[in-house]
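Results of the structural survey
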Amino acid sequence: MLQRQRHHLICEIVATQGYATVPDLMARLEASRATVARDIQELALAGRIRKVRGGAEAMHGAPALAEPNFDTNQLRNRELKRAIARAAADLCQSGESIIMDGGTTVFAMTEFIAGRDLEVLTNSFPIAEYLMKRGQGRVILPGGEVFREQGLILSPFEDDTIERFIASKIFIGARAITQHGLMQTDPLLIRAEQKLIRQAEQMIVLTDSSKFGNRGSLILCPLERIHTIITDDGIESGSHKMLTDAGIRVIVAHPLQTASVA
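For the structure given in this document, a descriptive report is provided here. (Residues numbered from 1 in each chain as written. Predicted model: local features only at pLDDT ≥ 70, side-chain atom pairs only at ≥ 80, totals over all residues. Heavy atoms only, no water.)

**Comments concerning the overall build of the chain**
Each helix and strand counted, the chain has ten helices and 16 strands in total. When burial is assessed residue by residue, the chain has 51% of its 262 residues classed as buried. Taking all contacts inside the chain whose residues are at least 6 apart in sequence as the whole, residues at least 24 apart take part in 60%. Carbon together with sulfur atoms contributes 50% to the accessible area of the chain, which is approximately 12,500 Å² in total. (Helix = DSSP H or I, 4+ residues; strand = E, 2+ residues; numbered from the N terminus. Buried < 20%, exposed > 50% of the residue type's maximum accessible area, 1.4 Å probe, protein only. Contact = heavy atoms within 4.5 Å. Areas by Shrake-Rupley, 256 points an atom, 1.4 Å probe, with all protein chains shown as cover.)

**Looking at the sheet that holds strand β10 (residues 176–178)**
What the three strands build is an open sheet, ordered β10-β11-β13; its pairing is antiparallel. Only two strands of the sheet have a single neighbouring strand rather than two, namely β10 and β13 (218–221). The mean inter-strand angle of the sheet, taken between neighbouring strand axes irrespective of direction, is 45°. Where strand β11 (residues 181–184) meets β13, three bridges bridge the pair, whose relative direction is antiparallel. When the bridges of β13 are listed, Gln 184 appears paired with Leu 218. Relative to the sheet, helix α9 (residues 187–197) contacts β11 and β13, its axis offset from that of β13 by approximately 10°. (Pairing = 2+ DSSP bridges. Axes fitted to C-alpha atoms, helices over the stretch in contact; angles between N-to-C directions.)

**So, the sheet that holds strand β3 (residues 55–57)**
Across the sheet, which stays open at both edges, the three strands sit in the order β1-β3-β2 with antiparallel pairing between neighbours. Edge strands, defined here as strands with exactly one partner in the open sheet, are β1 (19–21) and β2 (50–52). Going from strand to strand, the sheet's axes swing by 25° on average, the running direction of each strand aside. Pairing of β1 with β3 involves three bridges; the strand directions are antiparallel. Within the sheet, the bridge partner assigned to Thr 21 lies in β3 and is Gly 55. Where helix α2 (residues 22–29) meets the sheet, it contacts β1 and β3, and its direction lies at approximately 80° from that of β1.

**So, the environment of Arg 78**
Within the secondary structure layout, Arg 78 lies in helix α5 (residues 78–89). In the structure, Arg 78 is positioned 30 residues away from Ala 108 in sequence and 8.6 Å away in space, judged by C-alpha atoms.

**Some remarks on the pairing of strand β5 (residues 119–122)**
Looking at chain direction, strand β4 (residues 97–100) and β5 are connected through four bridges and run parallel. Each residue of the ladder has a partner; that of Ile 98, found in β5, is Val 120. One ladder, built from three bridges, connects β5 with strand β6 (residues 138–140); its direction is parallel. Paired with Val 120 across the strands is Val 139, a residue of β6. Chirality of the crossover, the property in question, places the unit of β5, helix α8 (residues 125–134) and β6 among those that are right-handed. (Right-handed = clockwise from strand over helix to strand, strands pointing away.)

**Things to note about the pattern of salt bridges**
Applying the stated criterion across every chain yields a total of nine salt bridges. One salt bridge connects Arg 6 with Asp 39, and the closest N-O pair in it is separated by 2.5 Å. Residue Arg 6 is located in helix α1 (residues 3–17), and its partner Asp 39 is located in helix α3 (residues 33–45); the two are separated by 33 residues in the primary sequence. This pair shows no difference in class: Arg 6 is buried, exactly as Asp 39 is. A salt bridge links Arg 164 to Glu 163, with the shortest nitrogen-to-oxygen separation between them at 2.9 Å. Glu 163 gets classed as partly exposed once you look at its relative accessible area, which sits at 35%. One network of salt bridges, in which partners are shared, links Glu 79, Arg 82 and Glu 111. (Salt bridge = Lys/Arg side-chain N within 4 Å of Asp/Glu carboxyl O.)

**Some remarks on the nonpolar core**
The tendency in soluble globular proteins is for nonpolar side chains to be buried side by side. Within the largest apolar cluster, 29 residues are counted, with the highest numbers of intra-cluster contacts made by Ile 177, Leu 182, Met 203, Val 205, Ile 226 and Leu 243. Those elements that place two or more of their residues in this core are β9 (167–172), α9, β12 (200–206), β13 and β15 (249–253). Dropping the residues within four chain positions of it, Ile 226 is found in contact with Leu 182, Met 203, Val 205, Cys 221 and Ile 248. Listed in part, the 27 residues of the second largest apolar core include Ile 84, Ala 85, Ile 98 and Leu 131. (Core = buried A, V, L, I, M, F, W, Y, C linked by side-chain atoms within 4.5 Å.)

**Concerning the side chain of Thr 104**
Mapped onto the fold, Thr 104 is located in helix α6 (residues 104–107). On the basis of relative accessibility, which here comes to 7%, the residue Thr 104 falls in the buried class.

So, in structure tokens, the structure goes:
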């Protein structure tokens, strides 16, 4: 893994958890203690994290957008994301209008829907670019500022075309899912994603099972707003029960296999 990729992942982990130990970062980055220690030192000197005894913690005052770099995040669990995305694409019907939120798991859907007759509103520049080059359907982008590292288009204004688009489904990723609902860590993303959610009849969340162990500080929406969650077979029974008790349909996707409804 390149140094810049490690740096992005360290910042993401620390921003999500608030704190990370050196052994935890060694395991998740598959790097040596010396490498992790050096990365922490460099990031601390750059003011991106705070170095503490045994690890690193988040700085007070989040950056303008505390989301991971798109290219770096795309490398993580790639085949698992493709399996989840394939199951999500199977839910799309010809002629539908859908919303695709930014994120690498939702982006993975593009491979499977490119040839479909769909109308797609997306705040993701990579999704729009892929579908414009390889897709057959109509692509709509909202107005706003482009955040280059994440490939997201976000606007602080209400009049950005989103409120004029009605979709049957929104496909969205997750930073964390708890009993409180779908969680986020960035207020700017909360505002943008809530605008998108309001325009869709069904909310479909694409997430790998590790997100059920994460924590976020902000609630994007309660569990009851979610119609379907597509995840992998690593989901624990307690998390599965939490979802079904909230009336959520759970689809378990298996790489190189057909997705099954649980």
